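Here are the chains, one letter per residue:
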Amino acid sequence: MENINKYIDEILNELSSGVVKSDIYLYMKLNTKNISDSQMTPVLNLKNEVYKKQLYEKINEYVLTYVKYNYIDIKDLKIKRLIALLFADMTITDFNDPLLYVERKIDFLNNKLFSNFSFYSEYFEGNININITPCSKETPYEFRICLISEDDNYIFPTINYGISNDTCYIYAVQDYNPHINNPFHKKIKRKLYKLNSKVEDNKEYSEYKENKSDYYPFNITDVTPSFIYSLSIFLNEVYKLGVDKVKVVTFLPLRYDNRIRVFIKKMFRRGLSKEIMKDSFKDFMKYNNQIQSNITEKLIRTFYRISYHFDNVSITSNPFDVDEYLNIKLNEFTMSNNEILNEIISKNNNKTI
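Just so it is clear, the structure is predicted and the values come from calculations on it, not from any experiment. (Residues numbered from 1 in each chain as written. Predicted model: local features only at pLDDT ≥ 70, side-chain atom pairs only at ≥ 80, totals over all residues. Heavy atoms only, no water.)

Chemist: So what exactly am I meant to see when it comes to the nonpolar core here?
Modeler: Nonpolar side chains in soluble globular proteins generally cluster together in the buried interior. With 50 residues, the main nonpolar core has Ile-128, Phe-143, Tyr-161, Ile-170, Tyr-229, Ile-233 and Phe-234 as its most contacted residues. For this core, the element with the most residues is helix α8 (residues 225-240), which contributes eight residues. Other than its neighbours up to four places away in sequence, Phe-234 contacts Phe-114, Phe-143, Ile-159, Tyr-161, Cys-168 and Ile-170. Listed in part, the 33 residues of the second largest apolar core include Ile-4, Leu-55, Leu-82 and Met-90. (Core = buried A, V, L, I, M, F, W, Y, C linked by side-chain atoms within 4.5 Å. Buried < 20%, exposed > 50% of the residue type's maximum accessible area, 1.4 Å probe, protein only. Helix = DSSP H or I, 4+ residues; strand = E, 2+ residues; numbered from the N terminus. Contact = heavy atoms within 4.5 Å.)

Shown next as structure tokens:
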């Protein structure tokens, strides 16, 4: 407990300076002293001493829970890095109530929810194996989907998720083999591409394309089919296990800030002139904002596409309409408007654990 509290003290002090030093350096800044500054640094609201003490106790509980579920000795754990990454994964809302945030992260560890299972896909001519694996990312678990056939294997996009109460938080959907182009992978991608069959943009997007409107709606044809397949399996399972609300995290401000601070650090190391640094920073910010926008918009488009295929998947609010999440309400999965996705629904009623 004493060592963990020492690390928390160090991290809170270092966050205010812009760099957290553990076995790795994390360049991110958070106002932990509630003192206004000219840079409009996000404030970590520690409220009062009683609240701060409760937060320390809860972070201790988080570390011990992490040790429990990862089957490691606390002596072998890089505790300072673990706590620093805990802060790095905060959303804007979490800054205002870090105690509630850490409680939710403990829930994530305690609620694995799923068991491994598989089903046979006639369409892909092989077994679809689903494994829930521990990970050290924004969430403690990954929902991994792999096609096992006689010819080869194909890994579908992986979903990083956490469960707290009756809500599923999705932090990332990641493709681990986008650049593999062997004959088997090409065959599977051709099959996946048929998920786009008869998909049409909504009327609002058609009007935008024809310059009849300045409003840019989400283009549901501009998504990756493999993401649709993975999320259809995942959301179906989430609902069957009693979770009907989904919150999709689209922005982590301290991770965004980390990319900026790393770039600035590199410029100083190169000894560039102020003029060159100013131009380079301007170009980088344009690039960084575009990358963040692309990631966020693609993720949102993907869930709108899921909603297009399934009547029971309802998007109730976009990020920053109600809160900073993309909010989704699930009802029972019955049928989709796509035959490939229908196989998921029918086969999962006869899955093998």
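Chemist: Looking at this structure, how should I read empty space enclosed by the protein?
Modeler: To locate leftover empty space, one rolls a probe as large as a water molecule over the atoms. This model, assessed by the stated rule, comprises one cavity of 30 Å³ or more. Space inside the largest cavity adds up to approximately 40 Å³. Around the largest cavity sit Tyr-66, Tyr-69, Asn-70, Leu-109, Pro-134, Cys-135, Pro-140 and Tyr-141, which together line it. When grouped by side-chain class, the residues that make up the lining of the largest cavity number seven nonpolar, one polar and no charged. (1 Å grid on protein atoms, 1.4 Å probe; cavity = no way out; pocket = protein on both sides within 12 Å on 5 of 7 lines; lining within 4 Å. Points joined across faces, edges and corners; volume = space filled by probe spheres on them. Nonpolar A, V, L, I, M, F, W, Y, C, P; charged D, E, K, R; others polar.)

Chemist: It is not clear to me how the packing of aromatic side chains should be interpreted in this structure. Could you clarify?
Modeler: How two aromatic rings sit relative to each other is given by the distance of their centres and the angle of their planes. Counting across every chain of the model gives 18 aromatic pairs. Taken together, a centroid distance of 5.0 Å and an interplanar angle of 80° make the contact between Phe-143 and Phe-234 edge-to-face. Of the two residues, Phe-143 sits in strand β5 (residues 141-148) while Phe-234 sits in helix α8, which places them 91 residues apart along the sequence. Between Phe-310 and Phe-333 the ring centres are 5.1 Å apart and the planes differ by 65°, which places this aromatic pair in the edge-to-face class. With Phe-310 in the loop between α10 (274-309) and β10 (313-317) and Phe-333 in the loop between β11 (326-330) and α11 (339-347), the pair connects residues that are 23 residues apart, well separated along the chain. The same class applies to Phe-310 and to Phe-333, which are both buried. Through pairs of rings, three or more aromatic residues link up here, namely Phe-114, Tyr-141, Phe-143, Tyr-161 and Phe-234. The side chain of Lys-47 reaches across the aromatic face of Tyr-51, ending 5.2 Å from its centre. (Phe/Tyr/Trp six-rings, centres within 6.5 Å; stacked < 30°, edge-to-face > 60°. Lys NZ or Arg CZ within 6 Å of the ring centre and 35° of its normal.)

Chemist: I keep staring at helix α9 (residues 253-269) and nothing clicks. Help me out?
Modeler: Side chains of residues three or four places apart in an α-helix project in the same direction, reflecting 3.6 residues per turn. The end-to-end C-alpha separation of α9 is 25 Å, in line with the 24 Å expected for 17 residues at 1.5 Å each. Turning to α9, its buried residues number three or more, namely Pro-253, Leu-254, Tyr-256, Asp-257, Ile-260 and Met-267. Within α9, the buried residues cover an arc of 150° as seen down the axis, which keeps them to one side. In this structure, the buried side of α9 is in contact with α3 (79-88), α4 (92-96) and α10. (Expected span 1.5 Å × (residues − 1). Arc of directions from axis to C-beta.)

Chemist: What is the right way to look at the layout of surface pockets in this model?
Modeler: The calculated volume of the largest pocket comes to roughly 590 Å³. Elements supplying a minimum of two residues to the lining of the largest pocket: α3, β8 (167-174), α9 and α10. Here the lining of the largest pocket is composed, by residue class, of 15 nonpolar, five polar and four charged. Taken as a whole, the second largest pocket holds about 280 Å³ of empty space. Along the wall of the second largest pocket there are 18 residues; nearest its centre are Tyr-62, Tyr-66, Leu-82, Leu-85 and Ser-136. Listed by contribution, the elements that provide at least two residues to the lining of the second largest pocket are α2 (49-70), α3 and α5 (98-110). If one sorts the elements of the lining of the second largest pocket by residue count, α3 sits on top with four residues. Looking at the lining of the second largest pocket, its residues break down into ten nonpolar, two polar and six charged.

Chemist: Is there a simple way to explain the pairing of β5 in this structure?
Modeler: As a general feature of sheets, a regular strand has side chains that alternate between the two faces. Summarising burial for β5: six of the eight residues are buried, a large majority. With eight bridges connecting them, strand β4 (residues 126-134) and β5 associate as antiparallel partners. Across the sheet, Asn-129 pairs through a bridge with Cys-146, a residue of β5. Taken together, β4 and the strand that follows it, β5, pair antiparallel across an intervening segment of six residues. Where β5 and strand β7 (residues 158-164) come together, three bridges link them in antiparallel fashion. Opposite Phe-143, over in β7, you have Ile-159 as the bridge partner. As judged from the three bridges shared by β5 and strand β6 (residues 153-155), these two strands associate in the antiparallel manner. Across the sheet, the residue bridging to Ile-148 is Asn-153, located in β6. Between the antiparallel neighbours β5 and β6 lie four residues. (Pairing = 2+ DSSP bridges.)

Chemist: Help me understand the pattern of salt bridges in this model?
Modeler: Opposite charge on two side chains permits pairing when their charged atoms draw close. Per the counting criterion, the structure on display carries 17 salt bridges. One salt bridge connects Glu-142 with Arg-144, and the closest N-O pair in it is separated by 3.0 Å. A residue is classified by how much of its surface remains accessible, and Glu-142, at 5% relative accessible area, is buried. When its relative accessible area of 26% is taken as the criterion, Arg-144 is described as partly exposed. When salt bridges that share partners are traced, they join Asp-166, Asp-244, Lys-245 and Lys-329 into one network. (Salt bridge = Lys/Arg side-chain N within 4 Å of Asp/Glu carboxyl O.)

Chemist: How should I be thinking about the environment of Tyr-62 in this particular structure?
Modeler: With respect to the helices and strands, Tyr-62 occurs in helix α2. Tyr-62 gets classed as buried once you look at its relative accessible area, which sits at 8%. On a C-alpha basis, the gap between Tyr-62 and Lys-105 in space is 7.4 Å, while along the polypeptide they are 43 residues apart. Excluding its chain neighbours within four sequence positions, the residues that come into contact with Tyr-62 are Leu-82, Leu-86, Val-102, Lys-105, Ile-106 and Leu-109.

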